[in-house]
Amino acid sequence: TRLLLVDYLSVFNVMLWPTANLVNYSFVCQPDARRLLLAAYLLTAAPMLVVAVKASNAKQRLIPFAVLSGTRMLVDAARVWVGQGSPTATLYYAMVEMCGIGGGVLNALRYSERALPGGFDVWGNSHQVMHIL
């Protein structure tokens, strides 16, 4: 359980702080919106870590990450709605999000391990593919 907690803390760090920076810098001219979105995102993320650590199977562990992805997409939509940031950057954020979702789904489904049992024990396992994506 301790290693799982460390793994989830590292994944949450990778997911959480870039979005916090996105909110901070995207809404520099709207300080009230920035504070509201940042608080909403952080208050959504904190319980999701608890849910992920207490989950008993892979599908239950995927739910908090899906919630965080959905929240990040809402932040990106709010960014577009108020006209902040370049359209190219918004497209890149969306592409990164899709890669993250794809990697998370592949990891949760354990696709490579099911396709060829024992063939991806060292290289090419679902966890590695998730990190590459």
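Residues numbered from 1 in each chain as written. Predicted model: local features only at pLDDT ≥ 70, side-chain atom pairs only at ≥ 80, totals over all residues. Heavy atoms only, no water.

**Quick look at the overall build of the protein**
Along the protein, the regular secondary structure elements total 6 helices and 0 strands. In the protein, the succession of helices and strands from N to C terminus is α-α-α-α-α-α. When burial is assessed residue by residue, the protein has 29% of its 133 residues classed as buried. In the protein, the share of contacts with a sequence separation of at least 24, taken over all contacts with a separation of at least 6, comes to 56%. As displayed, the protein offers around 8600 Å² of accessible surface, 70% of which is attributable to carbon and sulfur atoms. Separation of charge centres in the protein, based on 10 positive and 6 negative side chains, amounts to 6 Å. (Helix = DSSP H or I, 4+ residues; strand = E, 2+ residues; numbered from the N terminus. Buried < 20%, exposed > 50% of the residue type's maximum accessible area, 1.4 Å probe, protein only. Contact = heavy atoms within 4.5 Å. Areas by Shrake-Rupley, 256 points an atom, 1.4 Å probe, with all protein chains shown as cover. Lys, Arg positive; Asp, Glu negative; His and termini not counted. Charge placed at Lys NZ, Arg CZ, Asp CG, Glu CD.)

**Observations regarding the layout of surface pockets**
Rolling a probe over the atoms, with the probe sized like a water molecule, indicates the empty space that remains. Roughly 1000 Å³ of internal volume is contained in the largest pocket. Contributing elements (two or more residues each) for the lining of the largest pocket: α1 (2-26), α3 (58-81), α4 (87-109) and α6 (126-132). Looking at which element gives the most residues to the lining of the largest pocket, the answer is α4, with 12 residues. When grouped by side-chain class, the residues that make up the lining of the largest pocket number 22 nonpolar, 8 polar and 6 charged. (1 Å grid on protein atoms, 1.4 Å probe; cavity = no way out; pocket = protein on both sides within 12 Å on 5 of 7 lines; lining within 4 Å. Points joined across faces, edges and corners; volume = space filled by probe spheres on them. Nonpolar A, V, L, I, M, F, W, Y, C, P; charged D, E, K, R; others polar.)

**Side note on α4**
Compared with the 33 Å implied by 1.5 Å per residue over 23 residues, the 33 Å span of α4 between its first and last C-alpha is a close match. Along α4, the residues that are buried comprise T90, E97, G103, G104, N107 and A108. Looking at the buried residues of α4, the elements they touch are α3 and α6. Once α4 finishes, R110 follows within two positions and takes phi at roughly 55°, a positive value. (Expected span 1.5 Å × (residues − 1).)

**Observations concerning the packing of α1 against α3**
Contact geometry for α1 and α3: axes closest at 10 Å, N-to-C directions at 10°. When the interaxial angle is binned, α1 and α3 end up roughly parallel. Mapping the contact onto sequence places Y8, V11, F12, M15, T19, L22, V23 and S26 in α1 and R61, F65, L68, S69, R72, V75 and R79 in α3. Classifying every residue of the contact of α1 with α3 by side-chain character gives 9 nonpolar, 3 polar and 3 charged. (Axes fitted to C-alpha atoms, helices over the stretch in contact; angles between N-to-C directions. Parallel < 35°, antiparallel > 145°, perpendicular 65-115°, else oblique.)

**A look at the pattern of salt bridges**
A full pass over the atoms with the stated rule returns 3 salt bridges. Taking the shortest distance from any N to any O, the salt bridge between D76 and R79 comes out at 3.6 Å. Of this pair, D76 and R79 both sit in helix α3, 3 residues apart, roughly one helical turn. Of the residues examined, R79 reaches a relative accessible area of 5% and is grouped as buried. (Salt bridge = Lys/Arg side-chain N within 4 Å of Asp/Glu carboxyl O.)

**Considerations on a nonpolar patch on the surface**
Taken together, the side chains of L91, Y92 and M95 present a nonpolar region at the surface, about 330 Å² in accessible area. Within the secondary structure layout, L91 lies in helix α4. On the basis of relative accessible area, L91 is assigned to the partly exposed category, the value being 49%. (Patch = residues over 30% accessible without salt bridge, like charges linked within 9 Å, V, L, I, M, F, W, Y side chains within 5 Å.)

These values are about where atoms sit, not about what they do.
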